[in-house]
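# Results of the structural survey
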Amino acid sequence: KVVVLGSLNMDSILRIPRLPLGGETMEMTDKSSAPGGKGANQAVAAARAGAQTSFIGKVGADDAAEVLRDALKSDNISVEHVTTDEQRGSGQAFILLQESGQNSILVYAGSNQSLSKADVDAAKDVIKDADFLISQFETPIETTTYAFEYAQSVGVTTILNPAPAIPTIPADLLKVTDLIAPNETESATITGIEVTDAASMLLNAAKFAQMGCKELIITVGARGAFYANQNGSGFVDAFKVKAVDTTAAGDTFLGALSSQLKPDFSNMREAITFANHASSITVQRLGAQPSIPTLDEIKAEYK
Ligand code: ADP
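Since the structure is predicted, the reported quantities are computational estimates derived from the model, not experimental observations. (Residues numbered from 1 in each chain as written. Predicted model: local features only at pLDDT ≥ 70, side-chain atom pairs only at ≥ 80, totals over all residues.)

## Brief notes about the overall build of the chain
Scanning the chain from N- to C-terminus turns up 11 helices and 13 strands. Across its three principal directions, the C-alpha atoms of the chain cover 55 × 45 × 40 Å. Each of the 303 residues in the chain was classed as buried or not, and the buried ones make up 48%. Of all intrachain contacts in the chain linking residues separated by at least 6 positions in sequence, the fraction that spans at least 24 positions is 68%. (Helix = DSSP H or I, 4+ residues; strand = E, 2+ residues; numbered from the N terminus. Buried ≥ 20, exposed ≤ 12 C-beta atoms within 10 Å, placed from the backbone. Contact = placed C-beta atoms within 7 Å.)

Below is the structure:
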């Protein structure tokens with residue numbers, strides 16, 4: 001059982017020739033929208049990979065709210081603890097996809113920023129019942145810290161995806177984090193050490209260990225994922241595929257990982273291999289949530 005505490009965003013995917021200059025009006029090539037947000041994407045990935053999944057989050061008082069809720073429900077995710085902020089709009093992301101392949105993203109946090117300790121209090125029964133509680137940084141850090149403190153006190157394993165990256169993670173949050181899982185740029189932002197070769201990954205791991213992190217996974221895109229804990233470290237290669245859109249690769253990785261991982265981390269390599277499988281399918285498809293595979297799809301592709 002997995003509980004995700006985090007963001008829901010309505011994504012607008014705007015295809016444009018290039019970024020407009022100041023004062024310029026430009027025609028878009030294409031425009032579409034789909035539910036996203038790191039939290040919601042991770043929940044969808046966990047649920048599709050077979051985990052019984054619940055979501056704790058906040059939508060706004062607008063039309064997007066129902067679409068965001070329905071998207072989770074259609075993947076059998078419990079939305080009992082998705083509440084409404086009457087004062088703000090739902091979270092939104094504008095993804096500017098340039099012809100060159102470069103992405104620029106604008107995020108409006110909206111109702112995500114009002115996810116509060118009271119919302120965690122209301123969801124304690126669900127958290128208590130879970131194997132894992134996963135969170136990110138698109139909702140308030142104080143709320144995540146409060147939820148992790150409670151989760152650990154009742155024996156639930158906590159997973160932090162420190163994204164979007166911030167240079168300094170509060171010590172009180174690290175103290176209640178069992179597994180921290182950044183990508184390579186997030187890792188470098190936190191440790192101040194670039195992630196390049198194997199030696200640099202070990203240096204990153206040493207820095208995280210110094211900060212008191214017991215379990216670490218750094219995802220390194222097309223290369224795969226590196227993990228480290230008190231007993232040592234290892235690397236699991238990614239699968240060689242032709243990537244067309246890597247949006248939600250990291251979110252798929254984490255969600256899929258949580259569906260397989262044992263809460264004592266005793267099957268780390270196997271769980272990472274499964275997560276690499278799942279996210280290698282995501283990168284071959286366009287979009288965020290539509291591209292996340294089901295357990296049947298993962299099994300069909302990798303027998
Ligand atoms: P994020 O989306 O957070 O930046 P990464 O880019 O590190 O995360 O990707 C997460 C995981 O997705 C990787 O560990 C890997 O398993 C998979 N992945 C990402 N890009 C590719 C790729 N080009 N080919 C195969 N797998 C990929």
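After that view, the rundown keeps rolling.
## Points about the environment of Ala209
When you line up the elements, Ala209 lands in helix 8 (residues 198-210). Residue Ala209 is classed as partly exposed on the basis of its C-beta count, with 14 C-beta atoms lying within 10 Å. Once the C-alpha coordinates of Ala209 and Ala188 are considered, the two residues, 21 residues apart in sequence, prove to be 14 Å apart.

## Here's the deal with the UniProt feature "binding site: K(+)" (unreviewed entry) in the chain
Residues annotated by UniProt as "binding site: K(+)" (unreviewed entry) correspond here to Asp245, Thr247, Thr282, Arg285, Gly287 and Ser291. Spatially, the listed residues are clustered: although they cover 47 residues, their C-alpha atoms lie within 9.1 Å of one another. Examined against the element boundaries, Thr282 turns out to sit in helix 10 (residues 268-282). Residue class for Thr282 comes out buried when judged on the 28 C-beta atoms lying within 10 Å of it. (UniProt positions renumbered as here; feature names shortened; annotations may be inferred.)

## Thoughts on helix 9 (residues 249-260)
For helix 9, built from 12 residues, the straight-helix expectation of 16 Å at 1.5 Å per residue is met to within 8% by its first-to-last C-alpha distance of 17 Å. Among the 12 residues of helix 9, 11 are classified as buried, and the element is accordingly described as predominantly covered. Listing the buried residues of helix 9 in full gives Ala249, Gly250, Asp251, Thr252, Phe253, Leu254, Gly255, Ala256, Leu257, Ser258 and Ser259. Packed against the buried residues of helix 9 are strand 1 (2-5), helix 1 (38-48), strand 8 (132-135), strand 9 (157-160), strand 11 (215-219) and helix 10. (Expected span 1.5 Å × (residues − 1).)

## Here we look at the site of the ligand
Around the ligand sit 19 residues in total, of which Thr219, Ala222, Ala243, Gly250 and Ser279 are the nearest. Looking at the shell around the ligand, the elements that each hand over two or more residues are strand 12 (224-229), helix 9 and helix 10. (Near = placed C-beta within 6 Å.)

## Description of the UniProt feature "binding site: ATP" (unreviewed entry) in the chain
Those residues carrying the UniProt feature "binding site: ATP" (unreviewed entry) are Asn183, Thr219, Val220, Gly221, Ala222, Arg223, Gly224, Gly250, Asp251 and Asn276 in this numbering. Structurally, Gly221 is set in the loop between strand 11 and strand 12. Given 16 C-beta atoms within a 10 Å radius, Gly221 is considered partly exposed. Mapped onto the secondary structure, Asp251 falls in helix 9. Judged by the 30 C-beta atoms lying within 10 Å of it, Asp251 is buried.

## Structural notes on the sheet that holds strand 9
Taking strand neighbours across the sheet as the criterion, the nine strands line up as 5-4-1-8-9-10-11-12-13 in an open arrangement whose pairing is mixed. Unpaired on one side and paired on the other, strand 5 (78-85) and strand 13 (232-237) mark the two borders of the sheet. The pairing of strand 11 with strand 12 spans five bridges and is antiparallel. Bridged to Ile218 within strand 12 is Phe226. (Pairing = 2+ DSSP bridges.)

## Observations regarding the sheet that holds strand 3 (residues 30-36)
Overall, mixed pairing links the four strands, which are arranged 3-2-6-7 in an open sheet. Looking along the sheet, the strands with just one partner apiece sit at the ends: strand 3 and strand 7 (103-108). In this sheet, neighbouring strand axes are inclined to one another by 20° on average, regardless of whether the strands run parallel or antiparallel. Pairing of strand 2 (residues 9-16) with strand 6 (residues 91-98) involves eight bridges; the strand directions are parallel. Across the sheet, the residue bridging to Leu14 is Leu96, located in strand 6. (Axes fitted to C-alpha atoms, helices over the stretch in contact; angles between N-to-C directions.)

## Describing helix 10
Counted at 1.5 Å a residue, the expected span for helix 10 with its 15 residues is 21 Å, and the 21 Å between its end C-alpha atoms agrees. Of all 15 residues in helix 10, 12 are buried; the element is thus mostly enclosed. Of the positions making up helix 10, those classed as buried are Met268, Ala271, Ile272, Phe274, Ala275, Asn276, His277, Ala278, Ser279, Ser280, Ile281 and Thr282. Where helix 10 is buried, its residues contact helix 1, strand 11, strand 12, strand 13, helix 9 and helix 11 (295-301).

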